[in-house]
Structure formats: C-alpha cells, structure tokens
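Working through the structure, step by step
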Amino acid sequence: MRRRLLSTTFLLLGLAALPALAQTAAPPPPIEAFARLPAAENPQVSPDGRHLAFMAEKDGRRVVVVKSLLAGDTAAKDSFIAPPDQDVRWFRWAKPGRLILSVRGIDKDLKRRVVSSEQLQAERRLLSVDLDGGNIREIGRRKLAGRSWETTVSDLVISTLPNDPDNILMLTQDDAASYASVAKVNLSTGARETLERSRPYVFSWFGTADGQIRSGLKIRDSVFTIIARDSKGEWVDIYSYNEQDGHRFQVVAAAPDPDILYVASRHEGDRWAIYEFSISRRDFGRTIASDPRFDISTLTILDGIPAGIWIDGDLPEQRLLAAADQQLLDAIDKAMPGTREIMTSRSRDGRYLILTSNGPAQAPRYSLFDSQERKLTPLGDAYPELTGQVLGRRAYTAYPARDGTPIPAIITLPPGRTPQKLPFIVLPHGGPAARDDLSFHWMAQFLASRGYGVIQPNFRGSTGYGLAHERAGNGQWGRLMQDDLVDAVRFLTDQGLADPERVCMVGASYGGYAALVAGWRDPGLFRCAVSIAGLSDLTRLFDLAARSERRDANRQSLGENREALKDVSPINMASRFTIPVLLIHGEEDTVAAADHSRDMAAALRAAGKPVEYDEIEGGDHYLSSTADRIRVLTRLESFLARELGGPP
C-alpha cells in the first residue's frame, strides 16, 4: 500500500496535467515522417547576415544548403554543398563567404591496428568551401613519415578567428608520434603556421577569437591537469584532478582579463556550475551561473564571446548574459506559448538571430528574427511531414526505485488513446553517461504514434542531475542501473498505465545492452527485447578501456572486477534468455563493434532461443541515414506488433 501511495505522489509531478484523451485515434503518420532525417538542422546565419546555411538531406546524403537572405534577391539559387562520397557531420561559418565542413569516412585498414581500439576507426576530415560549393579544399592534415596521414581525426577547430579574413586555428600534429599542437591554417590554400608546438601529454588546447592560446589539457595516468600561460608567458599547471573523484574541471571560455578563465566545475557541490578562475591565484572567483536543480556546464559562444548559458533541465533552457538579449528572448518566448526558444546563431552586428523552438509536443521549428525591423520570419520545420499532426504528449515524472530513490523519467503517451493498460516500451538512453529530456525524440514519437506508451528513465548513472546521481551508476551495469529500469515497469503497472503482459525494452548503444539484460535477468517482466547497436560482452569493453588515456574513469564506470563483468554480459547468458530478441547493428559501427551483435545472435541461436538479426550494410552507430532509420523502424514496428499484439 505504501508503494502505491508513493507512486501516485510521483506521478502527479508530470502526468496529472495531461489532457483527457479521445477514445479514437486518427491514422498515424507513415514511418518515413519520423525516420526521415531533419529537413533542416542546425541553421546558422552568416557573419554578415546575408546568407543562411543549414544541414539537410538530398538524394540520401547529408548536405549543407546555403540560401540568400537579401530582400528581393529572387534570382539567387540555393547551393547544395555535398563533397563527393563523403557524409557531412557538421559545418560552421568560417568567414562571410566561406564555410568549413567536417566529413566522415571509415578507415578499415586501421581495424585492430590502432592501440586505443579493436574496431573500425572513423576518419574525420575538414574541408573549406565557397558558398556555391566551389573551391573545395581539404585543410588541417598532411602526410607524415611513418604513416599515411597525420591523424584520423583532423577536424578539431579551436577558433574561426572572426577578425582574420583568411585563417582559422586548428589542432594539428608536429609529427606522427607527437601530441597536439596548434596551427593557423589558411582556408584557401591549406598552408599552415604552427603557433604552439606539442607538449608531452597535452591532448587539446583552448584558443580565443583573437588567436591567443590560453590553456591546454594534459592527461597522464588518468590525472587531468589544466595548464595556462602566466603573466610571464610561461606555461604553468593551474589545476589537477582525477576523474575518479568526480570533481572535474573544464575551461569553457576565456575572459577579457588575461588572468581569468571561465570554467565549469563541481567544486562547490553536486551540480556543475560556471565560475571565473584566476590563473595567478590558482583559485575560483565569482560564480557566473548555477542552478540548484540541474547541471550548468556549457556556455553559448558567439563570435568567440560568451553570450549565454545552458541549463540541462527537463526541457533545455538558455539564459543570455546580456540583459537586453535576455529581455528580447523572453518577449519572443512569451509570444510563442507551448515552446521554448533558443538562440542558436547571430550575425556579427546582432541584427539577425536564428531561433529554435522546441516543446514537449512539437518537433523543432526555426525562425529568423530581424531585431532592427522587429520581425520574426519562419524558416521551416525539422520534420515538416509531422507539422499539424497530433504527437504524443511528453511529460516529466519521477518514480521511486526499490530503495526509495526518485528516478527522473520522461513519459510519452500515445495521442488519441486513454492512458490505461497500454502496451508499453521502456526506452533507456545510451551512454550511460547521458540523459533524456522533453525535447522531440523521433523514436519515442514513432512508438507513441503506433499506440505504445513510452518511458525513458534517467536511471542512476545518467547525467544532468548532479554528481551523486551520476556516480551511483558506477560499477552497476546490469545491476542497480537495471533495477531502476525494472522499477519503471512496476511503477507503470501500479498506476494502471501499462498492461503488465505487454511490456518490451528497446534501446540503442548502452540502452541496447540494457535491453539484452532484460532478456534474461527478470523473467516474466518483459515480453521482448530490441537491441540496436548494443553491447553484449563487457569484458571486451573492459579490455578496450584499459588502453585508453581515461582508463581509470572508464573502469570506474564498468567496475574494477573484470571477472564480475562476465556475470552481467549477455553473451554469457544466452541459455537463460526467456523472450524473443531483435538485434540490429550497423556494419561500420565505430563505437560498438558489430561483433557484439553478431556473436550474441550466434550464441542465442546455438542455445535454441528466438532471435532475429539485421546487420545494416554501411550503417554506423547513430543511424545517420534516412534509409537506415526507415529500415530500423520498419523492423521494429513489425516485431513489436507480433510480440506485443499491437495497440488495442
């Protein structure tokens, strides 16, 4: 009885405000409406305010689209920038007339040859390109003696140097065996000038908009040390920490005062906050931003200058540092009820702003605000096929774990259905050091459109809720973290929301691992399990972590006892599986090797257990193409309908 009353109390935090639902539902949108990659993503206005660029998909590939924003410029044609045989990962405005693009490929020759990995390596390169797609040049890497290329990751930009018309700052290497150095790289020719040579164990550097190298990060034996220039121009150690203590410290921006860095730290308590840090005093100064509920670990940087902070709340929130900017954002937000507006880009003169609107029942929408004309112009929706559709209502809740700890969670209820005894999907996030929030989630909304309730627990080990919540997951793979997921099911059934006979766990990456654990650990609770890019052998992950510079932190997450991991590795439990399993994995996954699913499928078949395995040729860890997402949702819809009997 006590559990029942406690659960009801937690339920009221998020679900009591949901509107009554109709008994009949309109036909759901097609799979493609959810699976298609965003029609527009990450829109950015050019520094001079004359152009807009954004990511989109064209002919099955990710491209950058450039549009003119000049009034009356009807003759201007859109540019579609798509390097041959390359997927664009991200882009940035480098200069008013030039973009930089990160492109991704796979270096299969590095498999099992790179010390830090036993799987395929993602190769990332940086290109600079004109607005019409011409004059493409690879920049930032060169051939070195001893191996084909300087590095497989050569897209690390420190600063776009907004006041320099020709160059940017990048992380590079002096030679094949060295650590990171800093170079000024010419966008048109690729010529580079080394500004800071490599130093032992320094893996990254922090630079400013005017080209100063203000700090670096040194990692040795899992001890992280921040270095900075003192008043004499000498590099000195200013702060050290071990990730195992959970403290952490990271430079997020440089202040105008050369003695001050803006840093994110947890030194005052359980939550991340932003502080000033004095190089000369080796000590923290005033608090820039903090929140008693959620972490604050990121600044919005515009033109190299801190412009705002991010609060990792249930629906991410931005607070701008300039009072006038915040007043403007508040006014726009008030005029657009039901969503939260985020400023994601701004022209250098401050006239044009790009705003992203997000809400619990809406896919992202983009707008251009002209602060001079006080005019807001819609730019488009990320998922236009869902515009006007009634989506699942997402709400925050918290439920009690078996030890009484409140576990934050996001629940999505299917539109047009009474929230009683629904077939339910437990959808744990990847990471596990990550979190889910109320923002649009394409897979959760797809499942809700098919009549399933969805719960996304931020189980212990998740980020965003403070150090204690995050560290509680250390060494608890398949144990306490799994308990939190199981307790979500008991909560849902106690409330009458879920039909206890029709619950399935679906997850990707770490969530895929958790789904496999659900296949054997708690008989009778789940009807099926779907693992997408999931891990099946934790000892393999343990051995991989042992060769990482962050080996202590990685082992802290997994636990120190390699033998104990065998007991929570699904690959060793095939004979104990009691439910059907669907495995999906990308052939070219560079995060969790496809062997995890291949071997799991073989083990389940050898044990005579029901299993389906779908390996996506050329697929990656993140389902980065529309075709891959359609394939996954199609398999998922069919599998769930068969195993859970479909929605009522």
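Our structure is the block above this text.
Residues numbered from 1 in each chain as written. Predicted model: local features only at pLDDT ≥ 70, side-chain atom pairs only at ≥ 80, totals over all residues. Heavy atoms only, no water.

With that settled, the discussion passes to the overall build of the protein chain. Across its full length, the protein chain carries 12 helices and 36 strands. Once local pairs closer than 6 in sequence are excluded, the contacts in the protein chain between residues at least 24 apart make up 56%. (Helix = DSSP H or I, 4+ residues; strand = E, 2+ residues; numbered from the N terminus. Contact = heavy atoms within 4.5 Å.)

Now for helix H8 (residues 538-545). Across the eight residues of H8, six count as buried, placing the element largely inside the fold. Buried within H8 are the following residues: Leu538, Thr539, Arg540, Phe542, Leu544 and Ala545. (Buried < 20%, exposed > 50% of the residue type's maximum accessible area, 1.4 Å probe, protein only.)

Now for the sheet that holds strand S15 (residues 213-220). Taken in spatial order, the four strands make up an open sheet running S14-S15-S16-S17, and their pairing is antiparallel. Strand pairing shows two members of the sheet lacking a second neighbour, strand S14 (202-207) and strand S17 (235-242), which therefore form its edges. Sheet twist, expressed as the average angle between the axes of neighbouring strands with direction ignored, equals 20 degrees. Two strands pair when backbone bridges link them, and S15 and strand S16 (residues 223-229) are joined in this way by six bridges, in the antiparallel orientation. (Pairing = 2+ DSSP bridges. Axes fitted to C-alpha atoms, helices over the stretch in contact; angles between N-to-C directions.)

Enumeration over the complete set of coordinates arrives at 39 salt bridges. For the salt bridge of Asp291 with Arg319, the shortest nitrogen-to-oxygen distance reads 3.5 Å. Separated by 28 residues along the polypeptide, Asp291 in the loop between strand S21 (283-289) and strand S22 (298-302) and Arg319 in strand S24 (residues 317-320) bring together distant segments of the chain. Taking the shortest distance from any N to any O, the salt bridge between Glu615 and Arg598 comes out at 2.8 Å. Here Arg598 lies in helix H11 (residues 595-606) and Glu615 lies in strand S36 (residues 611-616), a separation of 17 residues in the sequence. Looking at Arg598, the relative accessible area reads 29%, which means it is partly exposed. A single network of salt bridges, built from pairs that share partners, joins Arg402, Asp483, Asp487, Arg490, Arg521 and Asp522. (Salt bridge = Lys/Arg side-chain N within 4 Å of Asp/Glu carboxyl O.)

Contact pair helix H6 (residues 480-494) / helix H7 (residues 510-518): the axes reach a minimum separation of 11 Å and the direction vectors enclose 75 degrees. As the angle between them shows, H6 and H7 are arranged roughly perpendicular. Across the interface between the two elements, Met481, Gln482 and Leu485 of H6 pack against Tyr510, Ala514, Val517 and Ala518 of H7. (Parallel < 35°, antiparallel > 145°, perpendicular 65-115°, else oblique.)

Membership of the largest hydrophobic core comes to 55 residues, with the highest contact counts inside it found for Phe424, Ile455 and Phe526. Look past the residues within four positions of Phe424 in its chain and what remains in contact with it is Ile411, Leu413, Gly453, Val454, Ile455, Leu492, Leu497, Ala498, Arg502, Val503, Cys504 and Leu644. Core analysis: the second largest hydrophobic core is formed by 45 residues, Ala35, Leu427, Cys504 and Leu623 among them. (Core = buried A, V, L, I, M, F, W, Y, C linked by side-chain atoms within 4.5 Å.)

The next thing to look at is the sheet that holds strand S20 (residues 273-278). Ordered in space as S18-S19-S20-S21, the four strands form an open sheet in which the pairing is antiparallel. The sheet is open, and its two edges are formed by strand S18 (249-254) and S21, each paired on a single side. In this sheet, adjacent strand axes meet at a mean angle of 40 degrees when their direction is disregarded. In this sheet, strand S19 (residues 260-265) lies alongside S18 in antiparallel orientation, the contact comprising five bridges. Looking across to S19, one finds that Ala253 is bridged to Tyr262.

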